[in-house]
Amino acid sequence: MSKTKEMLLDVQDLSVDFRIDRKTTLSAVRNVSFQVYKGETLGILGESGCGKSVTCMSILRLEPEKTTRYPSGRILFGEKDLLRMPVKELSRIRGGEIGMIFQEPMTAMNPLFTIGDQMMEVLRIHNPRMEKAEAYERCVETINQIKIPNPERIMSSYPFSLSGGMLQRIMIGMAMLNRPKLLICDEPTTALDVTIQAQVLDLMNGLKEKQEMSMIFVTHDLGVISEMADRVMVMYGGRKCEQAFSEELFSKPLHPYTQGLIRSHPRPGEKRDRLEVIPGSVPALKDMPKGCPFHNRCPFAGSECKETFPEYEEAFPDHWVACHHWRKAVSHG
Amino acid sequence: MDEREIMKKQVNPYFLETEGLTMHFPAKTDAFGRPISWIHAADGVSFCVPKGKTLGVVGESGCGKSTVGKMLMDIYHPTGGRILYDGVDITNLKGRERRPYVQKMQLVWQDPYSSLDPRMRAGDIIAEGMKNFGLVKSAAERKEKVEHLMEMCGLFPDQAQFYPHQFSGGQRQRICIARALSTNPEFIVCDEAVSALDVSIQAQIINLLKDLQDELSLTYLFISHDLNIVQFISDEIIVMYLGQIVERGTTDKVYGNCAHPYTQALFSATPAFTPEEKKNKKRILLQGDVISPVDPPAGCRFRSRCPYAAERCKEEPQWREVEESHFVRCHLFDEGGKTA
């Protein structure tokens, strides 16, 4: 289905390295490819240190220029390759055609400027000829859209006087101001309470439909991702390990890591004495094992897993997995 | 119905009890430094935990769940109410009289990154409590006990030489648990003990806590905002909203048939991820804002966001029995009806 749709972003074989000092480079993301189609939400699921944030920061090259290297890969947005674009041109896209929302709404805002100043700046940087009054109007309209009462008062208040949920809604509003084609959300609701999270997610879905934009939604929360994403990509140790439509992924996970992740989650209304666990913990970047990064925690690992990273295989239509033993894993689960 | 009666009906015997525990922080002061308004962090919180069981405390940020944990540990001194430990009123015990209870009650914090001293080795962190309470006679005995605790918590004894930064988040939380166990406690408050951990590590720590409970017959107060985890580990649950308990009961009853509109919204807001669970799920989106905890008005504190709010909600709701060992504080149940 997705193949007939128009492609918006095409990430091909992306690798990201961080230079620590002259001798050491750590590779945070290795050979990750994915596509985002128009109007869809791609979820990226993974635990801390799996490279999910680095992947989406790299799309806008927000990682520090000096220490970050991209040994391979292309990020095609339309015709242009974002990885090789001059910074000047790229900064027109940042916050313009591609918007981004971060995890901590409190730290993402400047505490010294009012909400209005910060929102209007976003508009006027991308449209230098816009009158102040017009920018003000647009901001008020946006605040209304994100369902916060009393927009004029909000415009003149400082970030500290708003609650976390309100600020995150403002962040969403800010990212929406320039009508982006793609919105990258890096754990946008992790810092919020569940009832507030439900409101924010609902708002995001509503705005997305109205503006027909695409989203990349990064999170570690299985519930949130299944709510938001059309397709989900699971990452582990800097690699993509599985990708499928959301419903299929959660009902029929193929990769042993995805299976473990789903099973280790307590479910409502379920009686178990113990939770199933994935033994061990995510290896640090500097001790990432050779071969499949998951092999030392995997119940199905064989000798080949220690040597080579498995090829991506289309196990079922539109369901990709990178595992030598996914057939075994499926018949066991 | 009186709150005491309700508790008596629930379970016997209790191990840890609170009666009307209240914590008001001064919010604003006048020119002479006298408080003129108060933040009601906890208002009349009464519960009891039977020995060897787990009481789960659920609620969103600002509902007072951590304040309750801190009052039990004497980090905050309650402005009202009593704490009974095994029948003894420990609320106003100080210094030497309090010490035995300090030893028996321990705390596991949320953030394993900031709750360990970065300049102490893991072994010393675990041994500190034992030394303080004179539980070990010699260095050799201490070393042996530290190693035993580390093994019990799934760490390797030779890691005793390491500093906290050399451990992963999950391992650090294991150190925190080992440290809490080092004084031979009977009661442990777990304040969001797994919230900062990754999903796959969360399960490991929860299993560890359950195993330790069986092994050492520990009693837990498990504070968390994650409903699925609380239902997994707890025998009984209290749901808090703005400093008050709004619903209480055994885990199965509260989860199977949540009564209070807030609890219902809370449950419906937790996203499900398997297709069959998603199908059975109805979303209740709350509108309106949370009432400020500074001198909240009388009556139900949830009424500003409640879809069923009515005129009578301006009066303080009373405890009503929904079913056996399941209680709710909401006017919807005034006539014994189960309308919500």
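In the block above lies the structure referred to throughout.
These numbers were taken from a predicted model, which means no experiment stands behind them. (Residues numbered from 1 in each chain as written. Chains lettered and ligands numbered in written order. Predicted model: local features only at pLDDT ≥ 70, side-chain atom pairs only at ≥ 80, totals over all residues. Heavy atoms only, no water.)

*Asks:* Before we go on, may I ask you to explain the overall build of chain A in this structure?
*Replies:* In terms of regular secondary structure, chain A is built from 13 helices and twelve strands. Its C-alpha atoms give chain A a radius of gyration of 21 Å, near enough to 20 Å, the size a compact globule of 333 residues would have. Taken along its principal axes, the extent of the C-alpha atoms in chain A is 65 × 50 × 40 Å. Across chain A, every contact between residues at least 6 apart in sequence was considered, and the portion connecting residues at least 24 apart equals 64%. For chain A, the distance from the average position of its 43 positive side-chain charges to the average position of its 43 negative side-chain charges is 4 Å. (Helix = DSSP H or I, 4+ residues; strand = E, 2+ residues; numbered from the N terminus. Rg over C-alpha atoms; globule rule 2.2 N^0.38 Å. Contact = heavy atoms within 4.5 Å. Lys, Arg positive; Asp, Glu negative; His and termini not counted. Charge placed at Lys NZ, Arg CZ, Asp CG, Glu CD.)

*Asks:* Even after reading the chapter, I still don't get the overall build of chain B, so can you show me in this structure?
*Replies:* Across its full length, chain B holds eleven helices and twelve strands. Here the C-alpha radius of gyration of chain B, 21 Å, is about what a compact globule of 340 residues would show, namely 20 Å. With the principal axes as the frame, chain B shows a C-alpha extent of 70 × 60 × 40 Å. Within the span of chain B, comprising 340 residues, buried residues form 56% of the whole. Within chain B, contacts between residues separated by at least 24 positions form 64% of all contacts whose residues are at least 6 apart in sequence. Carbon and sulfur atoms make up 50% of the accessible area of chain B, which totals about 14,600 Å². Here chain B contributes 41 positive and 45 negative side-chain charges, whose respective centroids are spaced 3 Å apart. (Buried < 20%, exposed > 50% of the residue type's maximum accessible area, 1.4 Å probe, protein only. Areas by Shrake-Rupley, 256 points an atom, 1.4 Å probe, with all protein chains shown as cover.)

*Asks:* I'm lost on the interface of chain A and chain B in this one. Help?
*Replies:* Bring the parts together and some accessible area is lost; that lost area is often taken as the interface size. Of the residues lining the interface, 40 residues belong to chain A; the matching set on chain B comes to 34 residues. Summed over both sides, the interface between chain A and chain B buries roughly 3,500 Å², with carbon and sulfur atoms accounting for 54% of that surface. For aspartate 211 of chain B, the salt bridge is made with arginine 274 of chain A, and the minimal N-O distance between the two is 2.6 Å. Elements with a contribution of two residues or more to the side of chain A that touches chain B: helix H8 (194-211), helix H9 (222-228), helix H10 (246-251) and helix H11 (256-263) of chain A. It is H8 of chain A that provides the largest number of residues to the side of chain A that touches chain B, a total of seven residues. Residue classes in the side of chain A that touches chain B are distributed as 14 nonpolar, 13 polar and 13 charged. (Buried area = accessible area lost by both parts, 1.4 Å probe. Salt bridge = Lys/Arg side-chain N within 4 Å of Asp/Glu carboxyl O. Nonpolar A, V, L, I, M, F, W, Y, C, P; charged D, E, K, R; others polar.)

*Asks:* How do you make sense of the sheet that holds strand S11 (residues 319-323) of chain B when you look at a structure like this?
*Replies:* To summarise the sheet geometry, strands pair through backbone hydrogen bonds and adopt either a parallel or an antiparallel arrangement. Residue and element names in this part refer to chain B. Strand order in the open sheet formed by eight strands is S6-S7-S8-S3-S9-S10-S12-S11, with mixed pairing between adjacent strands. The open sheet terminates on both sides in strands that have one partner only, identified here as strand S6 (105-108) and S11. Taken over all neighbouring pairs, the strand axes of this sheet differ in orientation by 20 degrees on average, direction set aside. Looking at chain direction, S11 and strand S12 (residues 326-329) are connected through four bridges and run antiparallel. By the bridge assignment, glutamate 321 is partnered in S12 with phenylalanine 327. Most of the contacts of helix H2 (residues 65-72) go to strand S8 (residues 219-224), to which it runs at about 150 degrees, and overall it touches strand S3 (54-58), S6, strand S7 (187-191), S8 and strand S9 (236-241). Here helix H3 (residues 95-104) sits on the sheet in contact with S6 and S7, set at roughly 45 degrees to S6. (Pairing = 2+ DSSP bridges. Axes fitted to C-alpha atoms, helices over the stretch in contact; angles between N-to-C directions.)

*Asks:* Is there a simple way to think about the packing of aromatic side chains in this case?
*Replies:* The tally for this structure, following the rule as stated, stands at 13 aromatic pairs over all chains. Judged by centre distance (5.5 Å) and plane angle (75 degrees), the rings of tyrosine 85 of chain B and tyrosine 101 of chain B are edge-to-face. Taken as a pair, tyrosine 85 of chain B in strand S4 (residues 80-85) and tyrosine 101 of chain B in helix H3 lie far apart in primary sequence, 16 residues in all. Note on phenylalanine 162 of chain B and phenylalanine 167 of chain B: the rings are 6.0 Å apart at their centroids and 55 degrees apart in plane angle, and the pair reads as tilted. Chaining the aromatic ring pairs together yields one cluster made of Tyr236, Tyr257 and Phe294 of chain A. It is arginine 239 of chain A that lies over the ring of phenylalanine 309 of chain A; its NZ or CZ is 3.9 Å from the centre. The ring of tyrosine 312 of chain A carries lysine 240 of chain A above its face, with NZ or CZ at 5.4 Å from the centroid. (Phe/Tyr/Trp six-rings, centres within 6.5 Å; stacked < 30°, edge-to-face > 60°. Lys NZ or Arg CZ within 6 Å of the ring centre and 35° of its normal.)

*Asks:* Sorry if this is basic, but what is going on with the sheet that holds strand S10 (residues 239-245) of chain A here?
*Replies:* Residue and element names in this part refer to chain A. As summarised here, the arrangement of the eight strands in space is S6-S7-S8-S3-S9-S10-S12-S11, forming an open sheet in which the pairing is mixed. Only two strands of the sheet have a single neighbouring strand rather than two, namely strand S6 (98-101) and strand S11 (313-316). Between one strand and the next, the sheet's axes are offset by a mean angle of 20 degrees, whatever the strand orientation. Looking at chain direction, S11 and strand S12 (residues 319-321) are connected through three bridges and run antiparallel. Each bridged residue has a counterpart across the sheet, and for phenylalanine 316 the counterpart in S12 is histidine 319. Relative to the sheet, H11 contacts strand S3 (41-45), strand S9 (231-236) and S10, its axis offset from that of S9 by approximately 100 degrees.

*Asks:* Which parts of the structure should I look at to understand the nonpolar core?
*Replies:* If you look at soluble globular proteins, the nonpolar side chains tend to sit buried side by side. Counting residues in each nonpolar core, the largest one holds 65 residues, and the members touching the most others are Ile177, Leu181 and Leu212 of chain B. When residues of this core are assigned to their parent elements, the largest contribution, seven residues, is made by helix H7 (residues 199-216) of chain B. Not counting residues up to four positions away in its chain, the partners in contact with leucine 212 of chain B are Met152, Cys153, Ile177, Leu181, Ser217, Leu218 and Tyr220 of chain B. In terms of nonpolar packing, the next biggest core, distinct from the first, is built from 40 residues, Ile143, Met176, Leu192 and Met204 of chain A among them. (Core = buried A, V, L, I, M, F, W, Y, C linked by side-chain atoms within 4.5 Å.)

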